[in-house]
Each structure stands twice: as structure tokens, then as C-alpha cells.
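Coordinate analysis (summary)
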Amino acid sequence: MYRPLADSGIVRRIVGAAGAAPSIHNTQPWRFQVAGADLLEVRGDPERMLWVADAHGRALHLSCGAALLNIRLAVRATGGKPLVWPLPDPQGEPTLMASVQLTAGRPATLGERELFESIWQRHTSRAPFSGQRCPRCGMGRLGAGGEGRVRLAPPARCDRHRARTAARRGCRP
Ligand SMILES: Cc1cc2nc3c(=O)[nH]c(=O)nc-3n(C[C@H](O)[C@H](O)[C@H](O)COP(=O)(O)O)c2cc1C
């Protein structure tokens, strides 16, 4: 039987990744509960909700969603496959954001491993917006990237990267 959460090292790895997610004003409005040897629950924490700025809890939900993405990545990084039930009991338990069952899976791909490792490099940029327009090709990449798979190059690499991407796709940067 697959019992990954019986291993405290795996639990620490998964919860550590979840807790590194971005959250509204860094409130970290979540709780993670091991509900079985293969079941993890993500709960919103009403005590950390911003009742004025986020009266409907939208940002709290988004923050918990970001944590959930990291959980899924961490499960993949351990070679498991996450089965997610979002909002499994909205009437009975509205703070239960998701139940995640861990099942046996294939080894993580290189892309999944890279994305998992980037969890700790990610941070919110508070630099002012430059006003520079995004190149059309770059926007296409963002759109096509899919959930959680957007990579932003640092400025020094950005121009070279943009030029290469544009050349590959045969369009102007
Ligand atoms: C749903 C959500 C809303 C956010 N809103 C703002 C915002 O309005 N202004 C801002 O400067 N940062 C905002 N952030 C970024 C958080 O402040 C930031 O993620 C948090 O302080 C943790 O910092 P880090 O992302 O560098 O780890 C938001 C993040 C999330 C997930």
C-alpha cells in the first residue's frame, strides 16, 4: 500500500513547498493537515483572512490555490501522483479548500523537477513597472505556457532570449 505521508521527511518536504507559496500580504492564510497516510488537506485559515481588504476571501482562495500548486509539484517531485478534490464539501466545511490524495506515479520529468526547485527562487517583484510593452511573441509564450509553467528571464538574458525565441518562431521581437 502507498503510504507516503507516514514518512515525516516527505511530509516536511511537501508542506515546506506549500508554505513557500505567495499569499495576499504574506498572510499565509492556510493550514495543512495530514488526514491519512495518503491524504493531505489544505484549509483556509479564517483567523488570517483580511476581513476588510479581502471581505469575500477571494485572495485567500487564490493564496491557498498557490499553495496547492506547490503541493502538487512536491508530490510529483517525490514520484507520486496527486489526485485533487477542490472544495470537496463547500456547504459542510467551507474552509476545506482541497483534499489531495497521493497515489503512486511515474518519476518526475525534468521540467517538473526544475519547476519544483524554482519554488524557493520565486519572489514577488516590487520594482516599479517600466512602461515597456511586452513583445507579442513573449505574450504568446505566456498564454501557451499553461498553469504554473511560465518562466521569466532576468533582464540581462531577456533580450537575447527574446531574440532567439522570435527567430525560432519567425516573428519580430
Ligand atoms: C492573491 C495574492 C494577492 C496579492 N496582492 C498583492 C498586492 O496587492 N500588492 C503586492 O505588493 N503584493 C501582492 N501579493 C504578493 C504578496 O504580498 C507576496 O506574495 C508575499 O508578500 C510573499 O512574498 P514573496 O512572493 O516574495 O514570497 C499578492 C499575492 C497573492 C497570492
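In case you missed it, the structure is sitting above this.
Below you will find a few notes about this structure.

Conventions used here
- Residues numbered from 1 in each chain as written.
- Predicted model: local features only at pLDDT ≥ 70, side-chain atom pairs only at ≥ 80, totals over all residues.
- Helix = DSSP H or I, 4+ residues; strand = E, 2+ residues; numbered from the N terminus.
- Buried ≥ 20, exposed ≤ 12 C-beta atoms within 10 Å, placed from the backbone.
- Core = buried A, V, L, I, M, F, W, Y, C linked by C-beta atoms within 7 Å.
- Contact = placed C-beta atoms within 7 Å.
- Near = placed C-beta within 6 Å.
- Nonpolar A, V, L, I, M, F, W, Y, C, P; charged D, E, K, R; others polar.
- Pairing = 2+ DSSP bridges.

Regarding the overall build of the protein
Tallying secondary structure elements over the protein gives 5 helices and 4 strands in all. Counted from the first residue to the last, the protein has its helices and strands arranged as α-β-β-α-β-β-α-α-α. Sorting the 173 residues of the protein into buried and exposed places 18% on the buried side.

A word on unusual backbone geometry
What is expected of a backbone is that most residues other than glycine have negative phi and most peptide bonds are trans. Positioned with a positive phi, His 25 is a non-glycine residue whose angle comes to about 45°. Mapping His 25 onto the fold places it in the loop between α1 (8-19) and β1 (30-36). For His 25, a count of 12 C-beta atoms within 10 Å translates into the label exposed.

Observations regarding the nonpolar core
Core analysis: the largest hydrophobic core is formed by 23 residues, its most contacted members being Ile 14, Val 42, Cys 64, Ala 67, Leu 68, Ile 71 and Ala 74. With 8 residues, the top contributor of residues to this core is helix α2 (residues 58-77). Setting aside anything within four residues of it in sequence, one finds Val 42 in contact with Trp 30, Phe 32, Cys 64, Ala 67, Leu 68, Ile 71, Met 97, Ala 98 and Val 100.

Focus: the site of the ligand
Looking at the ligand, the residues that line it are Pro 22, Ser 23, Ile 24, His 25, Asn 26, Ala 59, Leu 62, Ser 63, Ala 66, His 123, Thr 124 and Arg 126. Residues of the shell around the ligand, tallied by class, amount to 5 nonpolar, 6 polar and 1 charged.

Quick look at the pairing of strand β4 (residues 96-104)
Of the pairings in the sheet, the one linking strand β2 (residues 39-44) to β4 comprises 5 bridges and is antiparallel in character. Paired with Leu 40 across the strands is Val 100, a residue of β4. Here 7 bridges tie strand β3 (residues 80-86) to β4, and the two strands are oriented antiparallel to one another. Its bridge partner being in β4, Gly 80 is matched across the sheet by Ala 104.

Regarding the pairing of β2
Only one face of β2 is buried, namely the one carrying Leu 40, Val 42 and Gly 44, since none of Leu 39, Glu 41 and Arg 43 on the opposite face is buried. In this structure, β1 lies alongside β2, joined through 6 bridges in antiparallel fashion. In the sheet register, Phe 32 faces β2, and the bridge partner there is Val 42. The hairpin formed by β1 and β2 contains 2 residues between the paired strands.

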